[in-house]
Amino acid sequence: MELEQVVYSNNFGDLNLTGFENGKLFIFQNDTIAGNYHNEEVAVTVPDLPAHNYLKVTVDILIHDTWDGNPKDGVGGPDFWYMGYDSREIFRTTFSNSPCESTYCLYQSYPNDYFRQNVPKSGAVRTNMPGLCLFGAFQNYTTRYSISKLIPHSNSSIRIYMGDELMAANSPDPLCDESWSIANVEIIAIQTN
């Protein structure tokens, strides 16, 4: 027998940042979202969890502007995004918003852990949004992903953290060059027998 209970759900529509560290809100495409972040970490702490032995954490993120994916040039990449809980990182990947042509392609690792080579926007749930800043006037420069992780867990509280390590050494305005935001967070407590 399996019991599931949503213990936290936030799409930021009611401007609620309770339990958030480094929470900030803004409007993008007529939706209120958390962000935008560049070389920052954000976390949410959820106390008073019911009895459980797993948590399913789903985060919808928006990757804005010129993420370069996997290059190891120390100038434009690699562009990392990571997620963890308490003090344990559970996922580290890269994203790329660059066009991919036969002669030029900046590969990303998502939906796999770093260092896999997947074409830009692999695993995305939406790709046709305009950029946020540097490419704000151009379609296809914000990409939405829905990332779900099932983690073994039984403590009465959890701290979920997300962050990035972005390389934008060639940009006069790194935050405008590449950033990310959170559109939704959902945590489900699962009790299995």
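One can find the structure itself at the top, above this paragraph.
These notes cover the structure that comes with them. Here the structure is a predicted model, which is why all the values come from computation and not from measurement. (Residues numbered from 1 in each chain as written. Predicted model: local features only at pLDDT ≥ 70, side-chain atom pairs only at ≥ 80, totals over all residues. Heavy atoms only, no water.)

Things to note about the nonpolar core
And step 1. Residues Ile61, Trp81, Phe95, Ile147, Trp180 and Ile182 are the most contacted members of the largest nonpolar core, which totals 33 residues.
And step 2. If we skip the residues at most four places from it in the chain, Ile182 touches Phe12, Phe20, Ile33, Ala34, Tyr37, Val42, Val59, Asp60, Ile61 and Met162.
And step 3. Among the nonpolar cores identified, the runner-up in size contains 6 residues, and Phe26, Phe28, Met129 and Ala183 belong to it. (Core = buried A, V, L, I, M, F, W, Y, C linked by side-chain atoms within 4.5 Å. Buried < 20%, exposed > 50% of the residue type's maximum accessible area, 1.4 Å probe, protein only. Contact = heavy atoms within 4.5 Å.)

Thoughts on the pairing of strand S11 (residues 158–165)
Successive residues of a regular strand alternate their side chains across the two faces of the sheet.
And step 1. Buried residues dominate S11, accounting for 6 of its 8 residues.
And step 2. With 6 bridges connecting them, strand S5 (residues 41–46) and S11 associate as antiparallel partners. When the sheet's bridge partners are listed, Val42 is paired in S11 with Met162.
And step 3. In terms of strand pairing, strand S7 (residues 80–85) meets S11 through 6 bridges, oriented antiparallel. If you follow Met83 over to S11, its bridge partner there is Met162. (Helix = DSSP H or I, 4+ residues; strand = E, 2+ residues; numbered from the N terminus. Pairing = 2+ DSSP bridges.)

Details of the state of the cysteines
And step 1. As enumerated under the stated definition, the model contains 2 disulfides in all.
And step 2. A sulfur-sulfur distance of 2.0 Å marks the disulfide that ties Cys100 to Cys105. Negative torsions about the S-S bond denote left-handed disulfides, and the value of about -105° found for Cys100 with Cys105 makes this one left-handed.
And step 3. A relative accessible area of 36% means that Cys100 is categorised as partly exposed.
And step 4. Across the disulfide, Cys133 is cross-linked to Cys176 (sulfur-sulfur distance 1.8 Å). An S-S torsion of about -95° defines the bridge between Cys133 and Cys176 as left-handed. Of this pair, Cys133 sits in the loop between strand S9 (126–129) and strand S10 (142–152) while Cys176 is found in helix H1 (residues 174–177), placing the two residues 43 residues apart along the sequence.
And step 5. Since its relative accessible area comes to 37%, Cys133 is described here as partly exposed.
And step 6. If the cysteines joined by disulfides in the chain are listed in sequence order, their pairing comes out as 1-2, 3-4. (Disulfide = S-S within 2.5 Å.)

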